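Descriptive analysis of the structure
Below are the chains, spelled out letter by letter.
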Amino acid sequence: MNVSIRDYQASDFEVCRSLWAELTLYHQEIYEDPTIGGGDPGRGFEAYLNNTERRGTWVAELEGEVMAFSGLLVHWEEEGEIEPVIVSSPHRRKGIGTMLVRHVVEEAKKRKIRFLGARPVARNKDAISFFVKLGFNRMGQIELFQELSPLPERTWKPGIIIHGKELRY
Ligand SMILES: CC(C)(COP(=O)(O)OP(=O)(O)OC[C@H]1O[C@@H](n2cnc3c(N)ncnc32)[C@H](O)[C@@H]1OP(=O)(O)O)[C@@H](O)C(=O)NCCC(=O)NCCS
């Protein structure tokens with residue numbers, strides 16, 4: 001498998017936007033919430049491109065076809081985040097996500113980032129397994145919230161315990 005990683009360019013816009021939409025639809029599915037993405041699941045990609053914290057975006061290409069991309073955000077001088085990493089579903093479990101993340105890690109090192117994070121949603125068990133395998137095994141901040149307008153059909157799952165407190169996800 002001859003996969004190459006290169007910088008994102010403007011001609012990758014449509015394919016990367018549809019990969020972004022693929023992730024949004026997955027979030028809709030795992031959170032049983034069709035409103036995620038606000039009616040256009042690819043829309044967040046434009047906001048991502050305009051994010052002033054974005055320092056780079058890289059695509060993975062196989063035989064001329066882009067089927068995955070990833071990027072680096074820098075929040076503070078020393079603190080970076082891998083956002084996003086998306087591999088199209090037919091190409092998963094072939095090591096492409098690993099190649100992309102390793103590339104972003106190298107880019108982060110070049111920029112003297114000390115702490116490189118990843119923020120998968122709590123229900124995204126596949127992504128959590130993926131990042132932990134790649135060495136993202138320290139936990140920084142956790143985000144707790146109340147749901148002020150609950151969806152009647154959604155139940156929050158038990159099973160996460162932090163410092164002896166049970167959280168739902
Ligand atoms: C998460 C994702 C990027 C992984 O990309 P990938 O190319 O399939 O990952 P790799 O083949 O490099 O996997 C490396 C390791 O991660 C773990 N892993 C990857 N996908 C996994 C899954 N679905 N379930 C459990 N572990 C998984 C495994 O340990 C795997 O090693 P193995 O195949 O030898 O067991 C991909 O599944 C994806 O695009 N998901 C949808 C988008 C998403 O959720 N992105 C993360 C948002 S933060």
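Here, every reference points to the structure presented above.
The following refers to the structure shown. All values reported here derive from a predicted model rather than from experimental measurement.

Concerning the pairing of strand E2 (residues 54-62)
Extensive coverage of E2 is indicated by the burial of seven of its nine residues. Pairing of strand E1 (residues 3-7) with E2 involves five bridges; the strand directions are antiparallel. Its bridge partner lying in E2, Ile 5 is registered against Ala 60. Here E2 pairs with strand E3 (residues 65-76) via eight bridges, running antiparallel.

Structural notes on the packing of aromatic side chains
A complete count under the given rule lists 11 aromatic pairs for this structure. Considering the side-chain rings of Tyr 8 and Phe 45, the 6.1 Å spacing of their centres and the 70° angle between planes classify their relative orientation as edge-to-face. Highlighted residues: Tyr 8 in the loop between E1 and helix H1 (13-30) and Phe 45 in helix H2 (residues 44-50), separated in sequence by 37 residues. Residue Tyr 8 is classed as buried on the basis of its relative accessible area, which comes to 18%.

Description of the pattern of salt bridges
One pass over the structure, following the stated rule, counts 13 salt bridges. For Asp 12, the salt bridge is made with Arg 6, and the minimal N-O distance between the two is 2.8 Å. Of the residues examined, Asp 12 reaches a relative accessible area of 4% and is grouped as buried. Glu 147 is the salt-bridge partner of Arg 154, the closest N and O atoms lying 2.6 Å from each other. Taking relative accessible area as the criterion, Glu 147 reaches 27% and is therefore assigned partly exposed. Ionic contacts of the salt-bridge type, sharing partners, join the residues Arg 6, Asp 12 and Glu 61 into one network.

Details of the site of the ligand
Neighbouring the ligand are 18 residues, the closest being Val 87, Arg 93, Gly 97, Thr 98 and Asn 124. In this structure, Lys 94 approaches the ligand through a main-chain N or O atom, which is 3.2 Å from an oxygen atom. In the model, an oxygen atom of the ligand is placed 2.7 Å from a nitrogen or oxygen of the Asn 124 side chain. Burial of the ligand by the protein chains amounts to 81% of its free accessible area of 910 Å². Looking at the shell around the ligand, the elements with two or more residues in it are strand E4 (79-87), helix H3 (96-110) and helix H4 (125-133). Grouping the constituent residues of the shell around the ligand by class yields eight nonpolar, five polar and five charged.

Thoughts on the sheet that holds E4
Backbone-to-backbone hydrogen bonds join strands into a sheet, with any given pair of strands oriented parallel or antiparallel. The five strands are arranged E1-E2-E3-E4-E5 in an open sheet whose pairing can be described as mixed. With partners counted over all chains shown, the strands left at the sheet margins are E1 and strand E5 (115-118), one partner each. For this sheet, the mean angle separating the axes of adjacent strands, direction not counted, is 25°. Of the strand pairs in this sheet, E3 and E4 are connected by seven bridges, and their pairing is antiparallel. The residue bridging Leu 72 from the neighbouring strand is Ile 82, located in E4. Running at roughly 90° to E4, H1 makes contact with E2, E3 and E4 of the sheet. Contacts between H3 and the sheet are confined to E1, E2, E3, E4 and E5, with E3 contributing the most and set at about 35° to the helix.

Rules of the game
- Residues numbered from 1 in each chain as written.
- Predicted model: local features only at pLDDT ≥ 70, side-chain atom pairs only at ≥ 80, totals over all residues.
- Heavy atoms only, no water.
- Buried < 20%, exposed > 50% of the residue type's maximum accessible area, 1.4 Å probe, protein only.
- Helix = DSSP H or I, 4+ residues; strand = E, 2+ residues; numbered from the N terminus.
- Pairing = 2+ DSSP bridges.
- Phe/Tyr/Trp six-rings, centres within 6.5 Å; stacked < 30°, edge-to-face > 60°.
- Salt bridge = Lys/Arg side-chain N within 4 Å of Asp/Glu carboxyl O.
- Near = heavy atom within 4 Å.
- Polar contact = N/O pair within 3.5 Å; in protein donor to acceptor, adjacent residues only side chain to side chain.
- Areas by Shrake-Rupley, 256 points an atom, 1.4 Å probe, with all protein chains shown as cover.
- Nonpolar A, V, L, I, M, F, W, Y, C, P; charged D, E, K, R; others polar.
- Axes fitted to C-alpha atoms, helices over the stretch in contact; angles between N-to-C directions.
- Contact = heavy atoms within 4.5 Å.

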